[in-house]
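Structural description and commentary
Take a look at the letters that make up each chain.
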Amino acid sequence: MKTFKPEMTLDMAVSHLKFIEGEAVMNVTPIEMGELSKVFSYRKGDADYVIHFKDNGDSLHKVLKIYDMYGTQSLPIPRIHKIGKVENIHFSISDKVSGTPISALEPIQIRGIIPDIVQQFMRIRQIHIGESYEGFGWITPQGKAAHGSWLAYLTSVFDEEQEGFYHGWQSLYENSFLEKEFFEEIYQTMIELVRYSPPERYLVHGDFHLGNMLGENENVTGIVDWEMAMFGDFMLDVSVLHMWYPMLEFPQKLQQAMEQQGVSIPYFEERLLGHQLFKALDGLRFYAKKDDPHSYQFMKNQIMSLLNR
């Protein structure tokens with residue numbers, strides 16, 4: 001199985017941190033999160049921090065921009081202190097917020113924190129983007145997005161001619177277990193469903209699941225890993241959380257909370273399913289590229305289950 005994380009041992013991380021922060025660095029500890037970065041917590045003075053190491057620095061600059069734009073608008077985004085490069089590796093340093101990854105909590109604790117996850121989600125949905133930040137889709141380190149509509153962004157994700165991680169990805173049809181006929185059939189279904197998305201733009205986290213949230217005493221203390229943030233349809237985030245944790249019934253709880261505020265979500269079921277298929281297709285492609293047949297089959301089973309409901 002392939003890995004896309006940078007090579008970074010604990011000793012290497014300690015060495016880099018001492019160069020960046022000085023000798024007074026203690027308690028350097030690896031944190032398992034993400035598929036493209038190596039993450040460590042550490043203590044300096046009387047405060048705790050988190051450092052992300054990545055081969056490419058663009059997404060780190062993007063997260064800093066997201067914090068600058070929205071981190072002061074009552075959202076629990078950890079403050080970012082520094083972004084830089086040491087030797088050939090890029091890094092960012094942020095506050096380590098209190099709490100435990102919600103995915104690591106006991107089921108009864110997770111159920112207790114769901115009401116605040118709903119409230120935090122509604123706060124994100126209410127963020128005013130402003131006309132100074134244009135476009136739909138992936139937010140650049142300059143705070144803009146390149147596409148004229150949400151549908152244009154979603155289709156661009158699967159373009160053959162694209163730069164970066166998925167350049168030339170359709171070769172996976174021949175060089176991996178990615179199944180072309182199945183993939184393209186689900187893609188067409190997804191396109192028809194996401195056409196129901198509204199023309200309005202919202203701030204979208206892009207990877208909104210319990211592993212990217214910290215909680216303590218039934219409260220969300222932090223929402224991290226904004227590297228996939230976008231402008232578009234907030235139902236993408238609803239779909240991600242529901243896909244990984246259907247037992248939480250997050251979509252139903254969100255609908256109930258919004259209806260109590262007199263707000264209805266048009267074409268809720270169509271948008272929910274369409275965005276679940278979008279993320280599942282991206283998962284098929286990722287696991288094929290990663291050479292991870294077990295996760296690929298899990299994702300394919302998820303798709304079949306969605307379509308059979």
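Everything below is about the structure printed above this text.
The following refers to the structure shown. The structure presented is a predicted model; accordingly, all values stated were derived computationally and were not measured.

The strands making up a sheet associate through backbone hydrogen bonding, with each pair oriented either parallel or antiparallel. Strands sit in the order S7-S11-S8 across an open sheet of three strands; the sheet is antiparallel. Because the sheet does not close on itself, it has two edges, and the strands there are strand S7 (137–138) and strand S8 (202–204). Pairing between S8 and strand S11 (residues 230–232): three bridges, direction antiparallel. Bridged to Tyr202 within S11 is Gly232.

With that settled, the discussion passes to the packing of aromatic side chains. Tallied over the full model, the rule gives 21 aromatic pairs. Ring centres of Phe165 and Tyr166 lie 4.8 Å apart, and the angle between their planes is 80°; this geometry places the pair in the edge-to-face category. Judged by relative accessible area, which is 32%, Phe165 ranks as partly exposed. Judged by centre distance (6.4 Å) and plane angle (50°), the ring pair of Phe208 and Phe250 falls under tilted. Of this pair, Phe208 sits in the loop between S8 and strand S9 (213–216) while Phe250 sits in helix H8 (residues 250–260); the two residues are 42 residues apart in sequence, bridging distant segments of the chain. The burial state of Phe208 is the same as that of Phe250; both residues are buried.

For the rest of this paragraph, the subject is helix H9 (residues 268–290). For H9, which comprises 23 residues, the first-to-last C-alpha distance of 33 Å matches the rise-based estimate of 33 Å (1.5 Å per residue) to within 8%. Among the 23 residues that make up H9, 19 are buried, leaving the element largely enclosed by the rest of the structure. Looking one or two residues beyond H9, the residue adopting positive phi is Asp291, at roughly 60°.

Here five strands make up an open sheet; going across it, the order is S1-S2-S3-S5-S4 and the pairing antiparallel. Looking at the sheet topology across the chains shown, the edges are occupied by strand S1 (26–31) and strand S4 (80–86). Across the sheet, the mean angle from the axis of one strand to that of its neighbour is 20°, orientation sign disregarded. Sheet analysis places S4 next to strand S5 (residues 89–95), joined by six bridges and oriented antiparallel. Pairing of Lys85 across the sheet is with His90, part of S5. Those strands touched by helix H2 (residues 58–70) are strand S3 (47–54), S4 and S5, and its axis lies near 165° from that of S4.

On to unusual backbone geometry. Unlike most non-glycine residues, Asn217 shows phi in positive territory, near 55°. Position of Asn217 among the secondary structure elements: in the loop between S9 and strand S10 (219–223). Overall, the relative accessible area of 67% leaves Asn217 in the exposed class. Its identity as a non-glycine residue notwithstanding, Tyr267 has a phi of 50°, on the positive side. Relative to the elements of secondary structure, Tyr267 occurs in the loop between H8 and H9. Overall, the relative accessible area of 48% leaves Tyr267 in the partly exposed class.

Definitions and cut-offs
- Residues numbered from 1 in each chain as written.
- Predicted model: local features only at pLDDT ≥ 70, side-chain atom pairs only at ≥ 80, totals over all residues.
- Heavy atoms only, no water.
- Pairing = 2+ DSSP bridges.
- Helix = DSSP H or I, 4+ residues; strand = E, 2+ residues; numbered from the N terminus.
- Phe/Tyr/Trp six-rings, centres within 6.5 Å; stacked < 30°, edge-to-face > 60°.
- Buried < 20%, exposed > 50% of the residue type's maximum accessible area, 1.4 Å probe, protein only.
- Expected span 1.5 Å × (residues − 1).
- Axes fitted to C-alpha atoms, helices over the stretch in contact; angles between N-to-C directions.
- Contact = heavy atoms within 4.5 Å.

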